[in-house]
Amino acid sequence: MKTIHIRKFTLLSLFFIQLLPWLFFVTAHLIETKTFDLGMSHLQKEELKETIQLIETNTKNWTNPAWQKHLNRQLENANMDVSIQSELDKVIYQSTTDLDQPFMGTEQFSIIQEGRVIGRVDIYHSNSRVIQMIVAFVGLLLAFFIVAYVMRRNILTPLEKMSICARQIAEGNLDVQLPSSQIAEIAEVRDGFKVMVEGLKKSFQKQVELEGERRFVIASVAHDLRTPLFALRGYLDGLEQGIANSPEKQAKYLAICKEKSAQLDRLVEDLFTFTKTEYSEIEPNQNKVDLAHVLKNSIDSIKPKAQQKHISIIEDCFRDHYVIEGDTHLLERAMNNLLDNAIRHTPYKGKIFIKSYKDRDRVCFSIRDTGEGFSSEEIKNVFKPLYRGEVSRNFSTGGFGLGLTISQRIIRVHGGDLIAENCKDGGALLTGWVPLAS
């Protein structure tokens, strides 16, 4: 919709208020006089000319009653009045006693003969524009009415509706019908309200989603904590009650208790890190870090676990140095999670390919395994908190569902990103990038 600024609208309104009465006045004058000339009409000019000629050519008859009667008829037909005075300002003839009337035009001239002023003549002719003035006043009222209607429609009414919408929004009703206006400033305010409403809708929707996610996290954490705690309590009760009555059984029970406590420690650590990333409380140390060195350390830390499944780790391009700004501890945590995930989903005697390379002003890395890859459902939810592809939530076959979420958030904290996809040759492919140090 085409809009107009309020200053321009005000100027146009003032111009319209002045123009419309003038148009009405000219139109009424044209209808009455059949001419655009705002002075005397052609007929009035002719009658005035005849009256002047009659007076000038009959100076000797000014005092003649018969001539005065003839002049009086001429003046009545022409709707004029005349006052003839001598050179001594003595009234010789006057057609009426009341010459001081409104809307009367005056023509004054002197009669000179033989170089001597013998008289002065005042001719009063009708110059009434009452009808035109009335019509012009009507035009002025109409102009005010039109401008008031337009102002009411495009300024006052939208502002009133905007005020009502603001109160409705404050009460939580976001399904409001914002008014439209051809005034640019009001249209801009409407667009601002519209953006605000859309933002509030998204915010409320996100709040609902976060509330649902919070409940899911609480339920999942309760489940994941209860399982190792239940097992730990059972084996400790077995030790206390003497069920483990041999050194071998005692050693087995203690090993299981140690394993369950390690699982609890890891779960608590993952939850702590997830909570910090969720509320943007992580502030990475901005140090110069060699990403290739970080990857090398992470590979060395998970090699024993890879050797248990006879998994081959194939490294590519680690001879180059890619310096970034970041936190070594957090980056190693992210890489360890990615590699640990790859080892869990790589079959016995499988392979894991790790690659890093420079791409303009950033360093990229990829981790590919030879497992089954992601399903279509997993691709959509792989970075969601506590999402695990296997539904049994068995810690021996899967993690806690926070590793990839934490890794992606750590990478994003460092100004990069992490995505998951399937490789064309099979297997899962995790690709990420971090900006190089300036």
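Quick caveat: nothing in here was measured; it's all calculated off a predicted structure. (Residues numbered from 1 in each chain as written. Predicted model: local features only at pLDDT ≥ 70, side-chain atom pairs only at ≥ 80, totals over all residues. Heavy atoms only, no water.)

J.: Just checking my understanding: could you explain the environment of His125 for this structure?
T.: Relative to the assigned elements, His125 resides in strand β4 (residues 116-126). Judged by its relative accessible area of 6%, His125 is buried. (Helix = DSSP H or I, 4+ residues; strand = E, 2+ residues; numbered from the N terminus. Buried < 20%, exposed > 50% of the residue type's maximum accessible area, 1.4 Å probe, protein only.)

J.: Looking at this model, I keep getting lost on helix α7 (residues 291-308). Mind explaining?
T.: Every α-helical turn comprises 3.6 residues, leaving residues that sit three or four positions apart pointing alike. For α7, spanning 18 residues, the distance from its first C-alpha to its last is 27 Å, which sits close to the expected 26 Å at 1.5 Å a residue. Roughly 45 degrees is the biggest bend found in α7, and it falls at Ile302, with proline Pro304 one to four residues downstream. Taken residue by residue, α7 has Leu291, Ala292, Val294, Leu295, Ser298, Ile299, Ile302 and Ala306 as its buried positions. Where the residues of α7 are buried, they touch β5 (287-290), β6 (312-316), β7 (323-326), α8 (328-344), β8 (351-359) and β9 (362-369). The positive-phi residue at the C-terminal boundary of α7 is His310, with phi of around 55 degrees. (Expected span 1.5 Å × (residues − 1). Bend = angle between axes of the 7 residues up to and from the residue. Contact = heavy atoms within 4.5 Å.)

J.: Just checking my understanding: could you explain the sheet that holds strand β10 (residues 417-422) for this structure?
T.: Either a parallel or an antiparallel arrangement is found when strands of a sheet pair, and the pairing is made through backbone hydrogen bonds. The strand order across the open sheet built from five strands is β6-β8-β9-β11-β10, with neighbouring strands paired in mixed fashion. Bordering the open sheet on either side are β6 and β10, each of which pairs with just one other strand. Mean inter-strand twist for the sheet, computed between neighbouring axes without regard to direction, equals 15 degrees. For β6 and β8, the ladder comprises five bridges, and the chain directions are parallel. (Pairing = 2+ DSSP bridges. Axes fitted to C-alpha atoms, helices over the stretch in contact; angles between N-to-C directions.)

J.: Just to check I follow, could you spell out the environment of Ala187 for this structure?
T.: When you line up the elements, Ala187 lands in helix α5 (residues 184-240). Given a relative accessible area of 14%, Ala187 falls into the buried group. C-alpha of Ala187 to C-alpha of Ile4: the two residues are 183 residues apart in sequence and 9.5 Å apart in space. When neighbours within four sequence positions are excluded, Ala187 is seen to be in contact with Thr3 and Ser181.

J.: Mind showing me how you'd approach the packing of aromatic side chains here?
T.: Between two aromatic rings, the relevant description is the distance of the centres plus the angle of the planes. One pass over the full model with this rule turns up two aromatic pairs. Between Trp22 and Phe25, the ring centres sit 5.9 Å apart and the planes meet at 15 degrees, which makes this aromatic pair stacked. Linking Trp22 with Phe25, this pair stays in helix α1 (residues 6-33), spanning three residues, or about one helical turn. By relative accessible area, which is 9% here, Phe25 ends up buried. On the basis of an interplanar angle of 85 degrees and a centroid distance of 5.0 Å, the ring pair of Tyr235 and Tyr253 is categorised as edge-to-face. Of the two residues, Tyr235 sits in helix α5 while Tyr253 sits in helix α6 (residues 247-278), which places them 18 residues apart along the sequence. Owing to a relative accessible area of 27%, Tyr235 belongs among the partly exposed residues under this scheme. (Phe/Tyr/Trp six-rings, centres within 6.5 Å; stacked < 30°, edge-to-face > 60°.)

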